[in-house]
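Geometric and topological summary
Each chain is listed here by its residues.
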Amino acid sequence: MFKLTSLNLNGLRSATRKGLEAWMESLRADCICVQEIKAQAADVQGQLDTLAGMQGYFHYAEKKGYSGVGIYTRHQPSEVRIGYGDAEFDAEGRCIELRFDTPTRKLSILSVYFPSGSSSEERQQAKFRFLASFHPHLLRLRAERDFILCGDVNIAHQEIDLKNWKGNLKNSGFLPEERTWMSQLLERDGLVDVYRRLHPDSTAEAYTWWSNRGQAWANNVGWRIDYQLATPALAALAQSSSVYKAQRFSDHAPLTVEYGFGLG
């Protein structure tokens, strides 16, 4: 079994103060992909680069206290790839890829933090630029290897993916252009939304993010914006998937999938 978790931390240091490492210890995942670490190398090295016996690899944003992604793993990668070749978004620390290749297998795990467009029209345009440049990167990967992308995608794909869909039709994260991008990736380009494959009708229990405004968490007014997107061969091996809500480490909840393969 290969247990894989994705979690937007909204700050690595903040999440560790809320019990992240003890939870990681009990989870016993093979890899934990984290997003929005909001830390630099000096904050992490020798302190947070190893948690619960797992080695971390990171892509830091140039701007302090902003973005950044990482992957904690129990397995030695064959290669670590930082960024995806777009100068604008590589500077923001948006993507890291660990490869676990053998003579008979090409396999990657990616941790990706898609931009949010909710703060301004300028950031929404940046989000559209990211979608436009990241899409061909995924197609190139898809052509040469199997992979699982874990990430805060900042897009709710369908109406069942958020509580108040009617009120968000013109808001970032549920815009027609964003949803079309997801549809093309899944329906035309062959990637699989693993949680939806296993839970095609889940609504309230599927949410992974809640606004800090009002009583969103208390009333479960949430969004499903955290995903594991896999190539078909790996997606077919997914056996179970769950969103963990018993503890809160950030404004997101961890998404865990267990797959019927091993990295040994």
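Residues numbered from 1 in each chain as written. Predicted model: local features only at pLDDT ≥ 70, side-chain atom pairs only at ≥ 80, totals over all residues. Heavy atoms only, no water.

**Looking at the overall build of the protein chain**
Along the backbone of the protein chain there are 8 helices and 15 strands. Over its C-alpha atoms the protein chain spans a radius of gyration of 17 Å, differing by no more than 12% from the 18 Å that the globule rule assigns to 264 residues. Summarising its shape, the C-alpha atoms of the protein chain cover approximately 50 × 40 × 35 Å along the three principal directions. The proportion of buried residues among the 264 residues of the protein chain is 56%. Sequence separation of at least 24 residues holds for 69% of the intrachain contacts in the protein chain that already meet a minimum separation of 6. Here the protein chain has roughly 11,100 Å² of accessible surface; of this, 48% comes from carbon and sulfur atoms. Once the 31 positive and 31 negative side-chain charges of the protein chain are each reduced to a mean point, those two points are 3 Å apart. (Helix = DSSP H or I, 4+ residues; strand = E, 2+ residues; numbered from the N terminus. Rg over C-alpha atoms; globule rule 2.2 N^0.38 Å. Buried < 20%, exposed > 50% of the residue type's maximum accessible area, 1.4 Å probe, protein only. Contact = heavy atoms within 4.5 Å. Areas by Shrake-Rupley, 256 points an atom, 1.4 Å probe, with all protein chains shown as cover. Lys, Arg positive; Asp, Glu negative; His and termini not counted. Charge placed at Lys NZ, Arg CZ, Asp CG, Glu CD.)

**Some details on the packing of aromatic side chains**
Describing an aromatic ring pair means giving the distance of the ring centres and the angle of the ring planes. For the structure on display, the rule yields 16 aromatic pairs. Summarising the aromatic geometry, the rings of F58 and Y60 are spaced 5.8 Å apart at their centres and angled 25° between planes, so their arrangement reads as stacked. Centre to centre, the rings of F89 and F130 are 5.3 Å apart; their planes meet at 85°, and the pair counts as edge-to-face. Of this pair, F89 sits in helix 4 (residues 87-90) while F130 is found in helix 5 (residues 121-144), placing the two residues 41 residues apart along the sequence. Accessibility expressed as a relative area gives 0% for F89, which makes it buried. (Phe/Tyr/Trp six-rings, centres within 6.5 Å; stacked < 30°, edge-to-face > 60°.)

**Looking at the sheet that holds strand 1 (residues 2-8)**
The strand order across the open sheet built from 7 strands is 3-4-5-2-1-15-14, with neighbouring strands paired in mixed fashion. Two strands lie at the open edges of the sheet, namely strand 3 (50-51) and strand 14 (238-243), each paired on one side alone. As paired strands, strand 3 and strand 4 (residues 54-59) are joined by 2 bridges and run antiparallel to one another. By the bridge assignment, L51 is partnered in strand 4 with M54. Helix 2 (residues 20-27) rests against strand 1, strand 2 (31-35), strand 3, strand 4, strand 5 (69-73) and strand 15 (255-259) of the sheet, and its axis sits at about 160° to strand 1. (Pairing = 2+ DSSP bridges. Axes fitted to C-alpha atoms, helices over the stretch in contact; angles between N-to-C directions.)

**A closer look at the environment of G83**
Looking at the secondary structure, you find G83 in the loop between strand 6 (79-82) and helix 4. Residue class for G83 comes out buried when judged on its relative accessible area of 12%. A sequence separation of 23 residues divides G83 from Y60, and the C-alpha atoms of the two residues are 9.6 Å apart. With residues near it in sequence (within four places) discarded, G83 still touches H59, D90 and C95.

**Description of the pattern of salt bridges**
Taken as a whole and judged by the stated rule, the model has 16 salt bridges. D43 serves as the salt-bridge partner of R13, at 3.5 Å between the closest nitrogen and oxygen. In this pair, R13 is assigned in helix 1 (residues 12-17) and D43 in helix 3 (residues 41-44), connecting sequence segments 30 residues apart. In this structure, E144 and R145 form a salt bridge, with 3.5 Å as the shortest nitrogen-oxygen distance. By relative accessible area, E144 is classed as partly exposed at 41%. Within the structure, one salt-bridge network assembled from shared partners comprises E97, R99, D101, E144 and R145. (Salt bridge = Lys/Arg side-chain N within 4 Å of Asp/Glu carboxyl O.)

**So, the sheet that holds strand 6**
Within the open sheet, the 6 strands sit side by side as 6-7-8-9-13-10. Their pairing is mixed. Each having just a single partner strand, strand 6 and strand 10 (192-193) make up the two edges of the open sheet. Relative to strand 7 (residues 95-99), strand 6 runs antiparallel, the two sharing 4 bridges. Of the residues in strand 7, the one forming a bridge with E79 is R99. The sheet contacts of helix 5 involve strand 7, strand 8 (107-113) and strand 9 (146-152), and relative to strand 9 the element is tilted by about 155°.

**What to know about the state of the cysteines**
Under the defined criterion, the tally for this structure stands at 0 disulfides. In this model C31 remains outside any disulfide bridge; the closest cysteine sulfur is found in C33, 6.4 Å from its own. Between C150, a free cysteine, and C33, which holds the nearest cysteine sulfur, the sulfur-to-sulfur gap is 3.8 Å. (Disulfide = S-S within 2.5 Å.)

**What about the layout of surface pockets?**
Taken as a whole, the largest pocket encloses approximately 940 Å³ of empty space. Along the wall of the largest pocket there are 36 residues; nearest its centre are S116, S118, N154, W209 and S211. Its residues assigned to classes, the lining of the largest pocket shows 9 nonpolar, 18 polar and 9 charged. (1 Å grid on protein atoms, 1.4 Å probe; cavity = no way out; pocket = protein on both sides within 12 Å on 5 of 7 lines; lining within 4 Å. Points joined across faces, edges and corners; volume = space filled by probe spheres on them. Nonpolar A, V, L, I, M, F, W, Y, C, P; charged D, E, K, R; others polar.)

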